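Inside the fold
Each chain, letter by letter, is given below.
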Amino acid sequence: MFTSDKLLKRHLLYNLTGAAFLAVFGAVYEAFSHGVYSYYMIYAFAFPLLLGALPYAILLLKDKNPGWVFLNLWNAAIAAFSAGSVFSGVLEIYGTTNSLVTVYPIVGCALALISPLALVKPILSAKE
């Protein structure tokens with residue numbers, strides 16, 4: 001059983017790890033892309049860092065507990081934005097386009113807009 005501090009620390013650690021992984025992945029991918037680069041790939045690490053680690057660190061400092069439903073929805077939004085950025089970067093480096101690139105920001109925004117509803121419904125964000 002996790003307390004709220006342990007839960008937030010775990011999500012903070014996951015987002016920092018995800019940001020580090022995406023930074024290394026982007027650097028390695030572009031090292032083998034024969035001089036072609038994509039800003040989507042370069043800055044894919046920014047989503048888990050700015051949308052994940054920063055808010056979770058602020059929540060830890062303010063001693064707030066948003067609940068597990070909010071955290072899961074918010075992390076899903078971060079994952080959608082990050083995956084969309086990597087996918088767009090891969091396609092841009094390859095030199096092609098795909099209409100599925102537009103789905104990722106739409107899903108990410110929808111999840112980010114739905115996640116505050118978990119803060120309003122206290123039954124969904126019960127402490128565990």
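Residues numbered from 1 in each chain as written. Predicted model: local features only at pLDDT ≥ 70, side-chain atom pairs only at ≥ 80, totals over all residues. Heavy atoms only, no water.

**Topic: the overall build of the chain**
Counting its secondary structure elements, the chain contains six helices and zero strands. Element order for the chain, N to C, with α for helix and β for strand: α-α-α-α-α-α. Taken across its 128 residues, the chain has 34% of its residues classed as buried. The long-range fraction of contacts in the chain, counting pairs at least 24 apart against all pairs at least 6 apart in sequence, stands at 78%. On the chain, roughly 8100 Å² of surface is accessible, and the fraction owed to carbon and sulfur atoms is 73%. For the chain, the centre of its 7 positive side-chain charges and the centre of its 5 negative side-chain charges are spaced 14 Å apart. (Helix = DSSP H or I, 4+ residues; strand = E, 2+ residues; numbered from the N terminus. Buried < 20%, exposed > 50% of the residue type's maximum accessible area, 1.4 Å probe, protein only. Contact = heavy atoms within 4.5 Å. Areas by Shrake-Rupley, 256 points an atom, 1.4 Å probe, with all protein chains shown as cover. Lys, Arg positive; Asp, Glu negative; His and termini not counted. Charge placed at Lys NZ, Arg CZ, Asp CG, Glu CD.)

**Quick word on unusual backbone geometry**
Unusually for a residue other than glycine, H34 sits at a positive phi of about 60°. Inspection of the secondary structure assignment puts H34 in the loop between α1 (4–31) and α2 (39–42). The exposed category is assigned to H34, whose relative accessible area is 78%. Unlike most non-glycine residues, D63 shows phi in positive territory, near 55°. Assignment of secondary structure puts D63 in the loop between α3 (46–61) and α4 (68–94). Residue D63 is classed as exposed on the basis of its relative accessible area, which comes to 57%.

**Quick look at the packing of α3 against α4**
Interaxial distance between α3 and α4 falls to 8 Å at its minimum, and their mutual angle equals 160°. The orientation of α3 with respect to α4, classified from their angle, is roughly antiparallel. Here the hand of the crossing between α3 and α4 comes out left-handed. Contact residues: F47, P48, L51, G52 and Y56 in α3; L71, W74, N75, I78, F81, S82 and S85 in α4. Of the residues in the contact of α3 with α4, the class split is eight nonpolar, four polar and no charged. (Axes fitted to C-alpha atoms, helices over the stretch in contact; angles between N-to-C directions. Parallel < 35°, antiparallel > 145°, perpendicular 65-115°, else oblique. Left-handed = near helix turned anticlockwise from the far one by under 90°. Nonpolar A, V, L, I, M, F, W, Y, C, P; charged D, E, K, R; others polar.)

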